[in-house]
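# Structural overview for review
In case you want the letters, here they are:
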Amino acid sequence: MLILSSLLLFILLAAARDEFQEELVIRPLHSGDIYASFQFRTLWDTDFLQEGQKVSHYRLFPKSLGQVLSKFSVRELHISFTQGFWRTMQWGQPFIPSPPGAELWVWFHDTVSDVDGNWKELTNVLSGIFCASLNFIDLTNTVQPSASFKPLGLGNATDHRFLRYATLPREIVCTENLTPWKKLLPCGSKAGLAVLMKSEKLFHSSFHSQAVHIRPICQDEQCSSKAWELRQTLNVVFDLHTSGQGKKEWSLFKMFSRTLTEACPLASSSKVYVDITDNPELFELSPATPLLGQAVVLGDRRTYSVYDLIMPTSSMVLSPCALGDMLRPLLHAERYVAGFGLQTGEIHTVIYNNHPYRAFPVLLMDSVPWYLQLYIHTLTVTSKSRDNKPSYIHYQPAKDRHRPHLLEMLIQLPPHSMTEVTVQFERALLKWTEYTPDPNHGFYVGSSVVSALVPSMVAMRTNFTQDQPLFSSFVPVKEESSYFVRVYTEPLLVNLPTPDFSMPYNVICLTCTVVAVGYGSFYNLLTRTFQVDEPSPPLSKRLANLIRRMRGVPLLT
Amino acid sequence: MDNSPKTENSLTIYPFVVPNLLISYCCILVMPEKQRGRYAALAIAAVVIVVGIPLWWKTTETYRAWLPFSEISELDSLQLQLSVDIEVVFSRGTLTPEQQKKFPLSHVNEKEHQVDVSIPELLTSPSTEADLSLHMLSESSCGSVVVYVIPESSTLLPEDVKVYVGQRRTALLRSPPFKTSWNLKEVLSNLDVEVEQVVSTMSFGHQDIVAALSNRVRMTKVTKESMADSMRAIKSSPGYEITFSLLNPDPKSHSLHWDIEGAVQSYIQPLLNKLAPIANFSVDSQILYYAVLGVNPRFDNSVSAYTLSADSLSHVINPVEARLGSNAASSNPVLNFLLYVPDAHHSPLFIRDHSKRKVPSNAFHSPRWGGIMVYNVNEMYGPEAERPVDININMAKVMGVFLAQLRLMLGVQHTHPPTGFVLQSPGSAGLADWELDRLLWSRSVENIATASTTITSLAQLLDQIGNIVINDNIAQQVSSAVTSLQSAVAELEAGNLAFALQYSREAILASERAFFDPSLLHLLYFPDDQKFAIYIPLFLPMCVPIVLSLLKIVSEAKKRRADKQAKSD
């Protein structure tokens, strides 16, 4: 019996090769805000897409997502829900960027024959899982970018027929999205770092973004075996400067109104990093930690104080203060709509290269709804007041009510420059049922996406190590001299000409009245009979007759 | 709107004529002028009635495809005839040579099951074919029954056993004493009672049919037990999801391992393979941490353990269910089986029944939802053990309980054989062939009942609400459901159980697709007051003059007739 059970245990340990890691990075920002970034990673060396074998026994990996992956043959899935806009110029680059609203992009496996059908069903299922209105994703806001969104995991799929990308810039993120997201964690919000996620604090912030990324990755450096990675990230920016009476002090309790006591018992690693690069001598961390770590992330070498929750010292209350300067983001983009009136307009996208001496190319992707009819011949790209010809343009024109415009360009940004991309558009008149319930609010146009390999100031680490912090290992680094950055611009809010919505009824009433009046007079003319009446006797005669009648005398004629 | 062209036509002639004539001929033309106005009013009214109203009706009517209403109403008073092929094999020495001479012979034994006043159930059981050869048939077709009659003195069965039911579709029957002078028919009719008992054990009895129809028919004379059986069993569906969840509320003290994959392979899969003709099953499992029951167990000093009373069990499931998650990939009904390992501070935990006794299996089930088993682990480690403690769960014990619950949920009912019957245990598959047949019989009847209810209520709905658009695809689904239903009934009558089940499943699928089609809802909420709001500005001013002038014409005609009568008098 003993042998049997130990044998069983061995089999179990061999079979259940999944692990869970959690991590929190806190970075005081230049503006006085605090950036807190949670990352939870579940690794499972199984294959959801294997033919003939169904994955059906789950341990740490959430069952609902696993079933979705195998049913829809998903190779890679990235979904993010964001409330607020990331201010790159004030806050620097985020670890994992996301546009305002909801964003979903999915690579399907190349055995899928009906990609559109799978995509439609997948969005419906995901909208159920995350309590979001992802079911509003349809062909009119889905695009297939040819170059901007490459798979982040294993497999160099290049056929963008299997890629679908959609954003819902209007999506409002709130607790009902956070609760199902927390449910996907093995420990829920009962233990580990997730106890900090109290929704009334998380949503009382300048920026909130939660995301789920699923992709196949290598188990080790040799890539001998494949594993599926589920990465759940949550990024918050707290505006403590205004709420903390001007003091540059923060603590976990102040931010989350909770403190950390223990790691999730299922986690193999559970760490808290505090970024102390900017001004190490001014920082005062309590409790102090002997552990210091360095990581190269987004082209910058940062120093961190590391707290390991698995080997606990005491309960964590961090209350450091002070701030320093920040590295200016090398790449930055913004966008606005120009023009007047309700007929035409112009979209301006401005991309800044802040690198003092290096030029580098960026990929700009724009997905514009069909009701803004782009005049692609007016497309101009200027940098330093000179024409800058894109070396690659992929343009897919919109079809009314069927698909949006997709514009992708590879633009070379000169060093220390500002590049402006403008294109004119005409606003379409929609059918009266196509307007949203509050049409005068305007229509959102999703963020444009700037993806680039930005030259790095310091050497990036290309080797793969298991003990690398999670936040620095999301995007694979291919070469030492540059790092990958994706920047999202602001979404646009465009006014479309709106009709008077009571008009159909008014028109019905008016025409009916006109028809009825005309009809009535004709009918009268046709059917009324005219007769000549005998003229009535004059008034004096009638009076006289009246008196005569009273007197009983014969009447006058 | 519709009659305006016509009015204009008549207009072109009259307006100029009328004023000119008026002045000079007014006195002379009084009568023709009145006549003309009357004719014009009548002509306009005629145009409105003959052209306008039909045109308006035609352009605003909703599309309604043809539905086989008469066949559907026939379904409403459906008579099911179930027939079972029964082969009676007489072994050597049971019959005399004279009796053997007269064959083949078959006789039909009919039995009527009155289920409800409105729906009589006609049950034909069984067309007994006497096969006198002792040729052993090893394979018999699905739904049929073979009865071997052995001599009274045979030692094959123990002394007090009258009937032995095997794993397959066979039964051994100890023959009652015959008179040698009887002919075969008399012998068979002598066997009737026993054969009937065998059939009601191995195929279906009155209670099974009643239970299968319980969704459709409100019953009064059903025993409580069979009602409970029918309510416990999950409703018939083309597929089921079976989810095993291990609830570990305390991962800090217990690190639980369960070999669910192996357990499913060795315990659950054989049963599911056997049940494959009924539905598609998919099995999955998950481990949920920090999942707690909805009730705080009470500490009982007398047994020094925590207990859950039977009354509080109904509150246990709700908070757990929020964590279970629905199946994202399919919409089939889910059967949940939860294994709950109580946390270290609330161990051991026992379930008590209504009479305050410990439930030996420490498990309970919720009808049509699934089962929960409490698995205590506090005895597997000492107080000084290092946390978390690695614990392997004994899957044989767990699966024994879950398998029993699964059988209940799937409607494999406990049979109560008459005295003198011996049933062989079902063996490794967990299900004997005849048990499967029982399930197939009741499922076919249930499917037919459900599908016909769906179709009749859909037809009723469509009949009552004239606003609903009936598209061609719905009409097609409805008629395919009706044809499948009819063929299922016919197959049941012919005794082809497998085909009957297949047709009944098709009928259910088609009827549900028709019933839940979203296109039915498109115009449902187009309220009447909006319609009136749109029509009144046009119709009221147009119709009032027409009606008034018609009334005037009628009253004038009446008056004239009265005058004429007075004159003639």
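This structure is a prediction, so every number in the text was calculated from the model and none was measured. (Residues numbered from 1 in each chain as written. Chains lettered and ligands numbered in written order. Predicted model: local features only at pLDDT ≥ 70, side-chain atom pairs only at ≥ 80, totals over all residues. Heavy atoms only, no water.)

Moving on: the overall build of chain B. In terms of regular secondary structure, chain B is built from 14 helices and 17 strands. Looking at chain B as a whole, 49% of its 569 residues are labelled buried. Considering only contacts in chain B between residues 6 or more positions apart, those separated by 24 or more positions represent 78%. Of the accessible surface of chain B, which amounts to about 28,900 Å², a share of 57% is contributed by carbon and sulfur atoms. (Helix = DSSP H or I, 4+ residues; strand = E, 2+ residues; numbered from the N terminus. Buried < 20%, exposed > 50% of the residue type's maximum accessible area, 1.4 Å probe, protein only. Contact = heavy atoms within 4.5 Å. Areas by Shrake-Rupley, 256 points an atom, 1.4 Å probe, with all protein chains shown as cover.)

All names here are of chain A. One can find Ser31 in the loop between strand E1 (18-28) and strand E2 (34-44). When the C-alpha atoms of Ser31 and Asp239 are compared, they prove to be 9.0 Å apart, with 208 residues separating the residues in sequence. Leaving out residues up to four positions away in the same chain, Ser31 has contacts with Gln90 and Trp91.

What follows deals with the nonpolar core. Phe108(A), Phe130(A), Leu331(A), Phe244(B) and Ile393(B) are the most contacted members of the largest nonpolar core, which has 220 residues in total. Top element by residues in this core is helix H11 (residues 433-464) of chain B. It accounts for 11 residues. Leu288(B), Ala291(B), Ile317(B) and Trp369(B) belong to the second-largest nonpolar core, a separate cluster that totals 21 residues. (Core = buried A, V, L, I, M, F, W, Y, C linked by side-chain atoms within 4.5 Å.)

Another aspect to go through is the pattern of salt bridges. Residues and elements named next belong to chain A. The final tally for this structure, using the stated rule, is 16 salt bridges over all chains. The salt bridge involving Arg41 is made with Glu229; its shortest N-O contact spans 3.0 Å. Of the two residues, Arg41 is situated in strand E2 and Glu229 in strand E8 (residues 226-238); the sequence distance between them amounts to 188 residues. The class for Glu229 is buried, based on a relative accessible area of 0%. Residue Arg231 is joined to Glu229 by a salt bridge in which the shortest nitrogen-to-oxygen separation is 3.2 Å. Shared partners join several salt bridges into a network, and the residues in it are Arg41, Arg215, Glu229 and Arg231. (Salt bridge = Lys/Arg side-chain N within 4 Å of Asp/Glu carboxyl O.)

Right, let's talk about the interface of chain A and chain B for a bit. Listed per partner, the contact involves 43 residues of chain A and 46 residues of chain B. Together, the buried faces of chain A and chain B total about 4,300 Å²; carbon and sulfur atoms form 66% of this surface. Counting across the chain A and chain B interface gives two salt bridges. Across the pair Lys63(A) and Asp284(B) runs a salt bridge whose closest N-O atoms are separated by 3.8 Å. Along the contact surface separating chain A from chain B lie 13 residue pairs in polar contact (both at pLDDT 80 or more). Looking at the side of chain A that touches chain B, the elements that each hand over two or more residues are helix H1 (2-15), helix H2 (63-72), helix H4 (115-130) and helix H9 (503-527) of chain A. With 12 residues, H9(A) is the largest single contributor of residues to the side of chain A that touches chain B. (Buried area = accessible area lost by both parts, 1.4 Å probe. Polar contact = N/O pair within 3.5 Å; in protein donor to acceptor, adjacent residues only side chain to side chain.)

This part covers the sheet that holds strand E15 (residues 372-383) of chain A. Ordered by their spatial adjacency, five strands build an open sheet running E12-E13-E19-E15-E16 (chain A), and the pairing between neighbours is antiparallel. The open sheet has two edge strands with one neighbour each: strand E12 (331-338) and strand E16 (386-387) of chain A. (Pairing = 2+ DSSP bridges.)

We now examine the confidence of the model for chain B. Residues and elements named next belong to chain B. Per-residue confidence for chain B gives a mean pLDDT of 73; residues scoring 70 or more make up 63%. Here strand E3 (residues 120-131) stands out as the least confident element of chain B, with mean pLDDT 35; strand E12 (residues 334-340) is the most confident, with 90. Predicted confidence is poor over residues 1-30, with pLDDT under 50, and the contacts of this stretch with residues over four places away or in other chains come to 24 contacts. Predicted confidence is poor over residues 110-139, with pLDDT under 50, and the contacts of this stretch with residues over four places away or in other chains come to 91 contacts. (pLDDT = per-residue confidence, 0-100.)

All names here are of chain A. The predicted model of chain A has a mean per-residue pLDDT of 83, with 87% of residues at 70 or higher. Across residues 1-15, where pLDDT falls below 50, the model places nine contacts with residues more than four positions away in sequence or in other chains. Every residue in residues 321-325 is under pLDDT 50, and counting partners more than four places away or in other chains gives 20 contacts.

All right, on to the pairing of E2(A) then. Residues and elements named next belong to chain A. Of all 11 residues in E2, 11 are buried, a share of seventy percent or more. A two-sided burial pattern is seen for E2, the buried positions comprising Ile34, Ala36, Phe38, Phe40, Thr42 and Trp44 on one face and Tyr35, Ser37, Gln39, Arg41 and Leu43 on the other. In terms of strand pairing, E1 meets E2 through 11 bridges, oriented antiparallel. Looking across to E2, one finds that Ile26 is bridged to Ala36. Between E1 and E2, which pair antiparallel and follow one another directly, the connecting turn spans five residues, one of which, Gly32, has a positive phi of 100°.

All names here are of chain B. What UniProt calls "transmembrane region" (unreviewed entry) maps, in this numbering, to residues 12-32, 39-57 and 532-551. Counted over residues 39-57, helix gives 100% and strand 0%. Its end C-alpha atoms are 26 Å apart. In residues 532-551, helix accounts for 100% and strand for 0%; the two terminal C-alpha atoms are 24 Å from one another. (UniProt positions renumbered as here; feature names shortened; annotations may be inferred.)

The next thing to look at is the environment of His78(A). All names here are of chain A. Secondary-structure assignment places His78 in strand E3 (residues 74-83). Between the C-alpha atom of His78 and that of Leu230, which follows or precedes it by 152 residues, the distance is 9.9 Å. Contacts of His78, omitting those with residues within four sequence positions, involve Glu103, Leu104, Trp105, Leu152, Val212, His213 and Phe474. A polar atom in the side chain of His78 sits 2.9 Å from the side chain of Glu76.

What follows concerns the sheet that holds strand E4 (residues 101-108) of chain A. Residue and element names in this part refer to chain A. Here 11 strands make up an open sheet; going across it, the order is E5-E6-E4-E3-E7-E8-E2-E1-E9-E11-E10 and the pairing mixed. The strands lining the two open edges of the sheet, one partner per strand, are strand E5 (142-143) and strand E10 (292-297). Summarising the sheet, E4 and strand E6 (residues 163-168) pair through six bridges and their orientation is antiparallel. Paired with Trp105 across the strands is Tyr165, a residue of E6. Across the sheet, helix H5 (residues 175-183) lies against E2, strand E7 (207-218) and E8, angled at about 30° from E7, the strand it touches most. (Axes fitted to C-alpha atoms, helices over the stretch in contact; angles between N-to-C directions.)

This part takes up the pairing of strand E9 (residues 269-275) of chain A. Residues and elements named next belong to chain A. Counting buried positions along E9 gives six out of seven residues, so the element sits mostly inside the fold. In this sheet, E9 lies alongside E1 in parallel orientation, the contact comprising six bridges. Paired with Val25 across the strands is Tyr273, a residue of E9. Pairing geometry for E9 and strand E11 (residues 300-308), over five bridges, is antiparallel. Across the sheet, the residue bridging to Lys271 is Asp308, located in E11.

The subject of this paragraph is the state of the cysteines. All names here are of chain A. Under the criterion given, the structure shown has one disulfide over all chains. Residue Cys187 pairs covalently with Cys264 via a disulfide, S to S 1.9 Å. On the sign convention where negative is left-handed, the bridge of Cys187 and Cys264, at about 65° about the S-S bond, is right-handed. Of the two residues, Cys187 sits in the loop between H5 and helix H6 (199-202) while Cys264 sits in the loop between helix H8 (252-256) and E9, which places them 77 residues apart along the sequence. Residue class for Cys187 comes out buried when judged on its relative accessible area of 2%. (Disulfide = S-S within 2.5 Å.)

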